[in-house]
Amino acid sequence: MGFGYYPHLERSGLSGHSGAGSTSIVLDFSQASTKLTERIMSIASIQPGDRVLDLGSGKGLACMEIARATGAQCTGVDFTPENVEKADAVSKERYPELNVRFFNVSFT
């Protein structure tokens, strides 16, 4: 998640650093996650037909949003079985049309 660090905000003066002329913004976890996912999609120029691998996908929300917004195929992997089960359940219930898959794997 990057602990709320957004380098693009530093260039625009919105990093939250105090000082003359600085502007501070505060995002809750959900907002920060959404903004980070949007930034990833923009920087990577993800297009329909692209394949995306989300390492440490958690409950799969970013992977589902990437697939929904871009038409890309997204594969999420996480080492927590409960996260993978939740991601599978949510994607099948809410977004059966998306091309997403989730796997429980170890990174070691």
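Our subject is the structure listed above.
Computed from a predicted model, the values in this text were never measured in an experiment.

*Asks:* Just to check I follow, could you spell out the overall build of the protein for this structure?
*Replies:* The secondary structure content of the protein amounts to four helices and three strands. Here the protein, with 108 residues, has 29% of them falling under the buried criterion. Within the protein, residue pairs in contact and separated by at least 24 positions form 55% of the contacts whose partners lie at least 6 positions apart.

*Asks:* Would you take a moment to explain unusual backbone geometry for this structure?
*Replies:* Peptide bonds are mostly trans, and most non-glycine residues show a negative phi. Positive phi is not limited to glycine here, since Ser45 has a value of about 50°. Tracing the backbone through its elements, the reader meets Ser45 in the loop between helix H2 (29-44) and strand E1 (51-55).

*Asks:* I tried to follow H2 on my own but got confused; where do I start?
*Replies:* Given 3.6 residues per helical turn, the α-helix brings residues three or four places apart onto the same face. Spanning 16 residues, H2 covers 22 Å between terminal C-alpha atoms, matching the ideal 22 Å at 1.5 Å per step. Buried within H2 are the following residues: Ala32, Ser33, Thr37 and Met41. Contacts made by the buried residues of H2 are with helix H3 (61-70). Ser45 occupies a position one or two residues after H2 and carries a positive phi of about 50°.

*Asks:* How do you make sense of the sheet that holds strand E2 (residues 73-78) when you look at a structure like this?
*Replies:* Hydrogen bonds along the backbone pair up the strands of a sheet, which may run parallel or antiparallel. The strand order E1-E2-E3 describes an open sheet built from three strands, whose pairing is parallel. Two strands lie at the open edges of the sheet, namely E1 and strand E3 (100-104), each paired on one side alone. Strand-to-strand twist across the sheet, computed as the mean angle between neighbouring axes with direction ignored, equals 15°. Taken together, the five bridges between E2 and E3 define a ladder with parallel strand orientation. Across the sheet, the residue bridging to Thr75 is Arg101, located in E3. Helix-sheet contacts for helix H4 (residues 81-94) involve E2 and E3, and the interaxial angle to E3 is about 160°.

*Asks:* Explain the pattern of salt bridges here, please?
*Replies:* A side chain of one charge can pair with a side chain of the opposite charge if their charged atoms are brought near each other. Using the criterion set out here, one finds two salt bridges in the structure. Where Lys35 meets Glu38, a salt bridge forms, and the shortest distance between an N and an O atom there is 4.0 Å. You can see Lys35 and its partner Glu38 sitting in helix H2, three residues apart, about one turn around the helix. Lys35 gets classed as partly exposed once you look at its relative accessible area, which sits at 47%. Classification of Glu38 as partly exposed rests on a relative accessible area of 37%.

*Asks:* Just to check I follow, could you spell out the pairing of E2 for this structure?
*Replies:* A regular strand places its side chains so that they alternate between the two faces of the sheet. By the criterion of burial, E2 is predominantly enclosed, with five of the six residues buried. Across five bridges, E1 lies against E2 in parallel orientation. Looking across to E2, one finds that Arg51 is bridged to Gln73. You can see the chain leave E1, run along H3 and come back into E2, and the turn it takes is right-handed. On the question of chirality, the crossover connecting E2 to the parallel E3 by way of H4 is right-handed.

Rules of the game
Residues numbered from 1 in each chain as written. Predicted model: local features only at pLDDT ≥ 70, side-chain atom pairs only at ≥ 80, totals over all residues. Heavy atoms only, no water. Helix = DSSP H or I, 4+ residues; strand = E, 2+ residues; numbered from the N terminus. Buried < 20%, exposed > 50% of the residue type's maximum accessible area, 1.4 Å probe, protein only. Contact = heavy atoms within 4.5 Å. Expected span 1.5 Å × (residues − 1). Pairing = 2+ DSSP bridges. Axes fitted to C-alpha atoms, helices over the stretch in contact; angles between N-to-C directions. Salt bridge = Lys/Arg side-chain N within 4 Å of Asp/Glu carboxyl O. Right-handed = clockwise from strand over helix to strand, strands pointing away.

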